[in-house]
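# Coordinate analysis (summary)
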Amino acid sequence: MNATGYFTHKDCWKHEMGPGHPECPERLDAIEDRLLVSGVGDALARREAPLAALGDIELAHDRMLAAALRGLSDTLADDIKAGGPPYVQIDPDTLLNVHTWNAALRAAGAVLAATDSVIAGEMENAFCAVRPPGHHAEHNKAMGFCFFNNIAIAAKYALERHGLKRVAIVDFDVHHGNGTEDIIRGDERILMVSFFQHPLFPFSGAEAHDGNMVNLPVPAYTKGMEVRELIEMMWMPRLEAFQPEMIFISAGFDAHREDELGQMGLTEQDYAWITMRVKDVAKRHAKGRIVSALEGGYNLSALGRSVEAHIRVLADL
Ligand SMILES: [Zn+2]
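Below or above, wherever it landed, is the structure these notes cover. Worth saying up front: this structure is predicted, and the values here are computed from it rather than measured. (Residues numbered from 1 in each chain as written. Predicted model: local features only at pLDDT ≥ 70, side-chain atom pairs only at ≥ 80, totals over all residues. Heavy atoms only, no water.)

## Section: the coordination of the zinc ion
For a metal bound by four donors in tetrahedral geometry, the ideal donor-metal-donor angle is 109.5 degrees, whereas six donors in octahedral geometry ideally sit at 90 or 180 degrees. Those donors, D173 (OD), D173 (OD), H175 (ND1) and D254 (OD), are the protein atoms that reach the zinc ion, and they lie 2.0 to 2.7 Å from it. If you look at the zinc ion, its four donor atoms make angles of 52 to 152 degrees with each other, and the shape they trace is irregular. Donor residues for the zinc ion, ordered by position in the chain, follow D-x1-H-x78-D. On the criterion of sequence distance, the pair formed by H175 in the loop between strand 6 (167-171) and helix 7 (178-184) and D254 in the loop between strand 9 (246-251) and helix 9 (268-285) is long-range, its members being 79 residues apart. Taken as a pair, H175 and D254 share a single burial class, namely buried. (Donors = N, O, S within 2.8 Å, 3.2 Å for Na, K, Ca; no water. Tetrahedral: all angles 85-135°; square planar, octahedral: opposite > 155°, others 65-115°. Helix = DSSP H or I, 4+ residues; strand = E, 2+ residues; numbered from the N terminus. Buried < 20%, exposed > 50% of the residue type's maximum accessible area, 1.4 Å probe, protein only.)

## Re the packing of helix 9 against helix 10 (residues 300-314)
How two helices pack is summed up by the angle between their axes together with the distance between the axes. Where helix 9 contacts helix 10, the axes come no closer than 8 Å and their chain directions differ by 30 degrees. Between helix 9 and helix 10, the interaxial angle falls into the category roughly parallel. Taken as a pair, helix 9 and helix 10 cross one another with a handedness that is right-handed. Here E268, Y271, A272, T275, M276 and K279 of helix 9 come into contact with helix 10, specifically with R305, S306, A309, H310, V313 and L314. The residue makeup of the contact of helix 9 with helix 10, split by class, is six nonpolar, three polar and three charged. (Axes fitted to C-alpha atoms, helices over the stretch in contact; angles between N-to-C directions. Parallel < 35°, antiparallel > 145°, perpendicular 65-115°, else oblique. Left-handed = near helix turned anticlockwise from the far one by under 90°. Contact = heavy atoms within 4.5 Å. Nonpolar A, V, L, I, M, F, W, Y, C, P; charged D, E, K, R; others polar.)

## What to know about the sheet that holds strand 1 (residues 4-8)
Pairing is parallel across the open sheet formed by eight strands, whose spatial order is 2-1-5-10-9-6-7-8. Looking at strand neighbours, the two that pair on one side only are strand 2 (45-48) and strand 8 (213-218), the edges of this open sheet. Adjacent strand axes in the sheet meet at a mean angle of 15 degrees when their direction is disregarded. The sheet strands contacting helix 6 (residues 150-160) are strand 6, strand 7 (190-197), strand 9 and strand 10 (290-294), and the helix crosses strand 9 at an angle near 170 degrees. Sheet contacts for helix 8 (residues 224-242): strand 6, strand 7 and strand 8; angle to strand 7, the most-contacted strand, approximately 170 degrees. (Pairing = 2+ DSSP bridges.)

## A closer look at the nonpolar core
Counting residues in each nonpolar core, the largest one holds 98 residues, and the members touching the most others are F148, F172, F195, W235 and F248. It is helix 5 (residues 100-119) that provides the largest number of residues to this core, a total of eleven residues. The residues contacting F195, other than those within four sequence positions of it, are D171, F172, D173, L216, V227, I231, W235, A255, M264, L266 and I274. (Core = buried A, V, L, I, M, F, W, Y, C linked by side-chain atoms within 4.5 Å.)

## Quick look at the packing of helix 2 (residues 26-38) against helix 10
At a minimum axis separation of 8 Å, helix 2 and helix 10 run at an interaxial angle of 55 degrees. Relative to helix 10, the element helix 2 lies oblique. Remark: the crossing between helix 2 and helix 10 carries right-handed chirality. Seen from helix 2, the contacting residues are E26, R27, A30, I31, R34, L35 and S38; seen from helix 10, they are L300, L303, G304, R305, V307, E308, I311 and R312.

## Regarding unusual backbone geometry
P199 follows H198 through a cis peptide bond whose omega is 0 degrees. The residue after F201, namely P202, is reached through a cis peptide bond having omega 0 degrees. One can find P202 in the loop between strand 7 and strand 8. Even without a glycine there, the phi angle at Q243 is positive, about 50 degrees. For Q243, the position within the fold is in the loop between helix 8 and strand 9.

These figures capture arrangement, not role.
Quick look at the structure:
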């Protein structure tokens, strides 16, 4: 048995938001290249992501959000046939093309299938190389490159469909996971721990928040060692006390010092360290169960190296 699964789908390459957009299909190529060259990919159980069922999307989102996105997608196809532009704009940074709908369902479907496989014991943990990312998508709103909140959907799914009692969400993206916070607010079965650069898009998360969240806003130019100390002091005691039965990771790698969407100073060694600490908690309380899904990470070289470092720890390589 391969201890670590790797879930993706070619549809996740087809969603794109125009020339020069940082959330581009080449991000997945950078990850695949690095896994191939390093040999790490050979150690993973590779799986094709299914399309998520709408009933599962609705564990985290209003039915109207999915209906609206579906409607925009259908209208776009008609408009393109009539000679219109190839995108519909949702916000200044977030656009749909004709493949976005399927890519979004594959991204959520990957995380749900990974959840099934890990809970079934087919693998100890899994990484989902998916886009569009999810952690900015709120229960009724797509925004910030995100359409459906892949990790929040999977956390709810583990509770509702698999009967787990407590799950944790770890979000180490440089941006605040406003969408995840919006969806899990007040749900005491879920503990979310995160750090994020503040102030930075979406400019939320630093104010007082619910008891089921540990938000650590940090200023620009914070280095990895300082983040590690904060994690040790602020995340670890809460994670230990919560005793999650499974851990989901919103794995954004844009706090890397080479990433220009944030101004933080992490390196791939810091991502390896964070993954190791999360894995320690998973080993003690959750039978090692971790499902991690790609969020941000826009410097292609740094992204490839960081995902490799993250997966090496997950897979004990
Ligand atoms: Zn981000």
